[in-house]
Structure formats: structure tokens, C-alpha cells
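Next come the chains, spelled out residue by residue.
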Amino acid sequence: MIYAFSRDGAIPGSKFWHHINPRTRTPSRAIYFAVVFAFILAIPSMWSSVAYGAVISIAVIGLYIAYVIPTLLRRLRGNAFTPGPWNLGRWSAVVGWVGIVWVGIICVLFCLPTASPITWHNFNYTIVAVGVVTLYATVYWLVSARKWFTGPRVQGTDAELAAIEGALGGAEVN
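A quick note: this is a predicted structure, and the numbers were derived from the prediction, not measured. Each chain carries its own residue numbering, running from 1 in the direction its sequence is written. Since the coordinates come from a predicted model, pLDDT governs what is reported: local features require at least 70, and pairs of side-chain atoms require 80 or more to be given and counted, while whole-chain, interface and lining totals use all residues. Think of the side-chain values as coming from all heavy atoms in the structure, minus any hydrogens and water.

Peer 1: Help me out: how do you make sense of the overall build of the protein chain in this one?
Peer 2: By definition, any uninterrupted DSSP run of H or I lasting at least four residues is a helix, any uninterrupted run of E lasting at least two residues is a strand, and each is numbered from the N terminus. A tally of regular secondary structure across the protein chain gives seven helices and zero strands. For the protein chain, the succession of helices and strands along the chain, N to C, is α-α-α-α-α-α-α. Atoms considered for the radius of gyration are the C-alpha atoms alone. The globule rule reads 2.2 Å times the number of residues to the power 0.38. The globule rule puts the C-alpha radius of gyration for 174 residues at 16 Å, and the 20 Å found for the protein chain is more than 25% above it. Once the C-alpha set of the protein chain is aligned to its principal axes, its extents read approximately 65 × 45 × 35 Å. Each residue's exposure class comes from its accessible area (1.4 Å probe, protein chains only) as a fraction of the maximum for that residue type: buried when under 20%, exposed when over 50%, partly exposed otherwise. For the protein chain, buried positions account for 18% of its 174 residues. It only takes one pair of heavy atoms within 4.5 Å for two residues to be counted as in contact. In the protein chain, 53% of the contacts between residues at least 6 apart in sequence involve partners at least 24 apart. Here the protein chain has roughly 12900 Å² of accessible surface; of this, 71% comes from carbon and sulfur atoms. Under this rule, positive means Lys or Arg and negative means Asp or Glu; His and the chain ends count for nothing. To locate a charge, take atom NZ for lysine, CZ for arginine, CG for aspartate or CD for glutamate. Distance between charge centres in the protein chain, computed from 12 positive and 5 negative side chains, equals 17 Å. To measure how exposed things are, a 1.4 Å probe is used in the Shrake-Rupley method; for residues, cover is taken only from the protein chains shown.

Peer 1: Explanation requested: the packing of aromatic side chains in the structure shown.
Peer 2: Side-chain rings of Phe, Tyr and Trp (the six-membered ring for Trp) are treated as a pair once their centres are within 6.5 Å; stacked means planes under 30 degrees apart, edge-to-face means over 60, and tilted covers the remaining angles. Under the criterion given, the structure shown has six aromatic pairs. Taking 4.9 Å as the distance between ring centres and 75 degrees as the angle between the ring planes, the aromatic pair formed by F123 and Y125 counts as edge-to-face. Given a relative accessible area of 29%, F123 falls into the partly exposed group. Every member of this aromatic cluster is reached through a ring pair, and the members are F16, W17, F33 and F37.

Peer 1: Any chance you could explain the confidence of the model for the protein chain here in plain terms?
Peer 2: Note that predicted coordinates carrying low pLDDT should not be read in detail. What pLDDT expresses is the predictor's confidence in each residue, scored from 0 to 100. Of the residues in the protein chain, 97% reach a pLDDT of 70 or more, and the chain-wide mean stands at 87. Taken element by element, the protein chain is modelled with least confidence in helix α7 (residues 158-167), mean pLDDT 79, and with most confidence in helix α5 (residues 92-111), mean pLDDT 95.

See the structure below:
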């Protein structure tokens, strides 16, 4: 995701993170960033089960929210949305709303404390972390990104991609 967002210019330092290693043909910088950042976030979990629970909860909630946002936006568009060639037909609304409700339930469950009575030492800080990220993304969108972000960028034509593959010493793209 870091590579995709940097390819689209949607994260700070995009030019640096949007790099393909010529030897491995992988987005090594983006991979290293994800590994190091995840490790740093997980360090407190080595001596705190509360921190471990929060890291797991943040990961689950973050992924669920990221996956459900397109579904929510589609459901809110109603009949103004034109479905693609593959869709659920008459079941689309039911499945979409069930998924949205399910993510809402999961978000609440993963924000609940894991011990009682709740103290500063066992409070589930997941809601704080998710809130900070959501607030940052919202402010970033309102202040800057909505003025220039147009969505995913095309990597190139088939000929351009074949030329890149050739320069990297790979097989020809079909």
C-alpha cells in the first residue's frame, strides 16, 4: 500500500518511496519502511500485553475500515452508481450493508478494554491511535489532497512497461 500510495503521490516523501529496486524488481524502500515502522510500533508489546492488544486492534480496525470505505461510498451513492460487469446484482445492497454493519461492530469490539477495572495502564489506546490517523487523513484531505489528488495513476502503456522490463533485464511484458 505504501508503494501504491507513493506511486499516486498521496503520501509525504512519495518520490523516495516510489522506487523499484532494479535487482529484485520490488518496491524495496516501501517494504523496508513498512517493516521498520511496524516493528517500532510493536516494540512496547514486548513488555506489555495491553500494548500488544492495541497493536493487533489497530491493525484489524485499520484494515477493516480501509476495505469498507469503498463499500460505504458505493451504498451512499444509491442508484447514481453504475455497477461494473461483475456485481452481486440484487444482493449487492444487502451484502454491502451487512459488511458495513459488521465493520462497525468489529471496530467497537476491538476498542473495548481488555481488563477491568480500567486504569491508565490497561486502557485500550486503539481508539486514540485510530482517531489520530483518521484526523490526520481528514485534515490532509481537506487542506491539501482534495485539490490535487485524482486517484490511482496508470503506470504506463504496454510499450512503456515493456521498455522498463527490458531495462531491468526481465522478460517481455505480454
